[in-house]
2 protein chains.
Amino acid sequence: MKRVVVIGSGNVAEALAPAIARAEGYELVQLYARNRAAGERIARLAGCPYAGRPDGLAPADIYLLCVSDRAVEPLSRTLAFGDGIVAHTAGSVDLAALSPAIRHRAVLYPLQTFTKGRPADFTDIPLFVEASDPNTLAAIGQLARALSSRVQELGSARRAVLHLAAVFASNFANHMYTLGEEVLREADIPFDALGPLILETARKAVESGSPRRSQTGPAVRNDFQTRTRQREMLAAHPELERIYTNLSNSIWETSKKI
Amino acid sequence: MKRVVVIGSGNVAEALAPAIARAEGYELVQLYARNRAAGERIARLAGCPYAGRPDGLAPADIYLLCVSDRAVEPLSRTLAFGDGIVAHTAGSVDLAALSPAIRHRAVLYPLQTFTKGRPADFTDIPLFVEASDPNTLAAIGQLARALSSRVQELGSARRAVLHLAAVFASNFANHMYTLGEEVLREADIPFDALGPLILETARKAVESGSPRRSQTGPAVRNDFQTRTRQREMLAAHPELERIYTNLSNSIWETSKKI
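Here the structure is a predicted model, which is why all the values come from computation and not from measurement. (Residues numbered from 1 in each chain as written. Chains lettered and ligands numbered in written order. Predicted model: local features only at pLDDT ≥ 70, side-chain atom pairs only at ≥ 80, totals over all residues. Heavy atoms only, no water.)

### Considerations on the packing of aromatic side chains
Working step 1: Summed over all chains, the structure comprises 10 aromatic pairs over all chains.
Working step 2: By the ring-pair criterion, three or more aromatic residues cluster together here, those being Phe 168 and Phe 172 of chain A together with Tyr 244 of chain B. (Phe/Tyr/Trp six-rings, centres within 6.5 Å; stacked < 30°, edge-to-face > 60°.)

Dropping the structure here:
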């Protein structure tokens, strides 16, 4: 049994800790976090002990830093990891952010959005791994494969591109839902009217494998009449009108590239 | 049994015709479409006769115009509907687009994206109805309730707002998937890596009921360092960089409104 410590008390820690506790061949020996209340809650969820002081950090084979992007570097310099592998989980943070004083450095990046209180099933979540040396890569890859069937090696530079793509596909897509909600408020229609449409649009893009080809609507049809009318409807919201115009143009330009 | 004719051979006709054929209390007596190949295919799917010439239009209680936005008006002036109700299904088209020579005019707008070859389950699809008079409204409402559990009356002006919200939540969200795919190409990573993230982002927004509150990422955190680095990564794609900057600003502005 390999011993794992999860460090952090955010959404990634909350998602990963219980998954590791269940993973075959691995024992979650500790949840370490400065925030005591949040840390103890996740430790209870995962059924492992909690620690919150540097001298209480348990010996382990793998330490998973599930902390904010900016905390990776300072934390990697502060704690005494002994000879264990230290892996961070941040999509946009370079492997080199981990202190060079750590002998076995790695990254295990789960490409998913995690939410407090929402259990995550890792089986289908793509995990991207990277390490400072072949043995460490083998070890972090093994942990990743115990969690998910979709494991891939990816260097820091390509991982940064992947993280940027995720900003478009998740954060920006979610913002489009938010703007849809804002538009609906004009007509006093609750957001849940858009639910089936949002879910089907996502499923269609994923199942077809090409959102570009499955695009619909006035912009891709270059339906000038509808575009003009809809822009006029947004006259009271210059910010929304600008986004509407920019994205409609971008959809049309993109469609011509097919 | 009320007799229904579906007119059109696009995705809405393909989705609606089989659903009406199965609906209790309704008989799909004909699929009418100018495009013979597409029309016959949908008629086979729905198990009803096909017709494609104006003099072949069957007598019916309800005619559903499942045609493009621009075709609603001319088609409503061309065909001889007798005393039947004529309802169009276009979100952004006014009820008044139907010829005033038609006595019973209506709208049945399904808020969903339909795809050729993808069967649609109408049970959960929100249907918005409107009509020229109370009896027609009752009749189109009854048909809608035979298809879906989510039926609501909505006038043309509010329906236009709803359709605009759908452009944001579906077309524009899908465009964000497309741009994510474009970014991924830089790192030679296939689009399907984004699948679980896209689906979970959609589910989370819908289940939480508020995409605004569930927003994550560098923009809502106002993580200036990541934003700067990601903008630089897009330097070779000025169009993407502009969208990145505009939407990041918009996310940050929106987050402050909470």
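### Side note on the domain arrangement of chain A
Working step 1: When its domains are assigned, chain A resolves into domain 1 (2-154) and domain 2 (171-255).
Working step 2: Relative to domain 2 of chain A, the C-alpha centre of domain 1 of chain A lies at a distance of 37 Å. (Domains from an automatic or database assignment.)

### With respect to the sheet that holds strand β8 (residues 151-153) of chain A
Residues and elements named next belong to chain A.
Working step 1: Pairing is mixed in the open sheet, where eight strands are placed in the order β3-β2-β1-β4-β5-β6-β7-β8. Every other strand in the sheet has two partners, leaving β3 (50-51) and β8 as the edge strands with one partner each.
Working step 2: Relative to strand β5 (residues 85-88), strand β4 (residues 62-65) runs parallel, the two sharing four bridges. What sits directly across from Leu 65, in β5, is His 88.
Working step 3: Across the sheet, helix α5 (residues 156-186) lies against β5, β6 (104-110) and β7 (127-131), angled at about 25° from β6, the strand it touches most. (Pairing = 2+ DSSP bridges. Helix = DSSP H or I, 4+ residues; strand = E, 2+ residues; numbered from the N terminus. Contact = heavy atoms within 4.5 Å. Axes fitted to C-alpha atoms, helices over the stretch in contact; angles between N-to-C directions.)

### Let's talk about the sheet that holds strand β7 (residues 127-131) of chain B
Residue and element names in this part refer to chain B.
Working step 1: Strand order in the open sheet formed by eight strands is β3-β2-β1-β4-β5-β6-β7-β8, with mixed pairing between adjacent strands. Edge positions in the open sheet fall to β3 (50-51) and β8 (151-153), since each of these has one partner strand only.
Working step 2: Two strands pair when backbone bridges link them, and strand β6 (residues 104-110) and β7 are joined in this way by five bridges, in the antiparallel orientation. Residue Ala 106 lies in a different strand from β7, and its bridge partner there is Ala 131.
Working step 3: Against the sheet, helix α1 (residues 11-22) contacts β1 (2-7), β2 (26-32) and β4 (62-65), and its axis sits at roughly 150° relative to β2.
Working step 4: Across the sheet, helix α5 (residues 156-186) touches β5 (85-88), β6 and β7, and the angle it forms with β6 is around 25°.

### A word on the pattern of salt bridges
Side chains bearing opposite charge may pair, as long as their charged atoms lie close to each other.
Working step 1: Summed over all chains, the structure comprises 36 salt bridges over all chains.
Working step 2: Arg 103 of chain B is paired through a salt bridge with Asp 83 of chain B; the nearest N and O atoms lie 3.6 Å apart. Within this pair, whereas Arg 103 of chain B is found in the loop between β5 and β6, its partner Asp 83 of chain B is found in the loop between α3 (69-78) and β5, the two being separated by 20 residues in sequence.
Working step 3: The exposure class assigned to Asp 83 of chain B is exposed, which follows from its relative accessible area of 52%.
Working step 4: Because the salt bridges share partners, they merge into one network encompassing Asp 69 and Arg 70 of chain A together with Arg 221 and Asp 223 of chain B. (Salt bridge = Lys/Arg side-chain N within 4 Å of Asp/Glu carboxyl O. Buried < 20%, exposed > 50% of the residue type's maximum accessible area, 1.4 Å probe, protein only.)

### Things to note about the relation of the copies chain B and chain A
Working step 1: Note on the copies: chain B fits chain A at an RMSD of 0.0 Å, the axial shift is 0.0 Å, and the rotation between them is 180°. Taken together, these values place the two copies in the relation of a two-fold axis. By C-alpha distance to the rotation axis, the residue of chain B lying nearest is Ala 173 of chain B, at 2.2 Å.
Working step 2: When you check the interface residues of chain B against chain A, 100% turn up at the interface there too, and the contact is symmetric in its surfaces. (Least-squares fit on C-alpha atoms with pLDDT ≥ 70 in both.)

### Structural notes on the interface of chain B and chain A
Working step 1: Between chain B and chain A, the residue contacts involve 92 residues of the former and 92 residues of the latter.
Working step 2: Among the residues chain B hides against chain A, the three largest losses belong to Arg 118, Phe 168 and Leu 197 of chain B. Together they make up 8% of the total.
Working step 3: At the boundary of chain B and chain A, one finds 12 salt bridges.
Working step 4: When the shortest N-O distance is used, the salt bridge between Asp 192 of chain B and Arg 150 of chain A registers 4.0 Å.
Working step 5: Counting residues per element, the ones that place at least two in the side of chain B that touches chain A are α3, α5, α6 (195-208), α7 (224-233) and α8 (238-256) of chain B.
Working step 6: For the side of chain B that touches chain A, the leading source of residues is α5 of chain B, giving 28 residues.
Working step 7: By residue class, the composition of the side of chain B that touches chain A is 43 nonpolar, 26 polar and 23 charged. (Buried area = accessible area lost by both parts, 1.4 Å probe. Nonpolar A, V, L, I, M, F, W, Y, C, P; charged D, E, K, R; others polar.)

### A look at unusual backbone geometry
Working step 1: With a phi close to 55°, Asp 188 of chain A is a non-glycine residue in the positive phi region.
Working step 2: Note on placement: Asp 188 of chain A falls in the loop between α5 and α6 (195-208).

### A look at the side chain of Ser 248 of chain A
Working step 1: In this fold, Ser 248 of chain A is placed in helix α8 (residues 238-256).
Working step 2: Using a relative accessible area of 1% as the deciding quantity, one classes Ser 248 of chain A as buried.
Working step 3: Aside from chain neighbours lying at most four places away, what touches Ser 248 of chain A is Ala 219 and Arg 227 of chain A together with Phe 172 of chain B.

### What to know about α8 of chain B
Working step 1: Over its 19 residues, α8 of chain B extends 27 Å from the first C-alpha to the last, a length consistent with the 27 Å expected when each residue adds 1.5 Å.
Working step 2: Buried residues along α8 of chain B sit against α5 and α8 of chain A together with α5 and α7 of chain B. (Expected span 1.5 Å × (residues − 1).)

### Regarding the state of the cysteines
All names here are of chain A.
Working step 1: One pass over the full model with this rule turns up zero disulfides over all chains.
Working step 2: In this model Cys 66 remains outside any disulfide bridge; the closest cysteine sulfur is found in Cys 48, 12 Å from its own.
Working step 3: With relative accessibility at 6%, the residue Cys 66 sits in the buried group. (Disulfide = S-S within 2.5 Å.)

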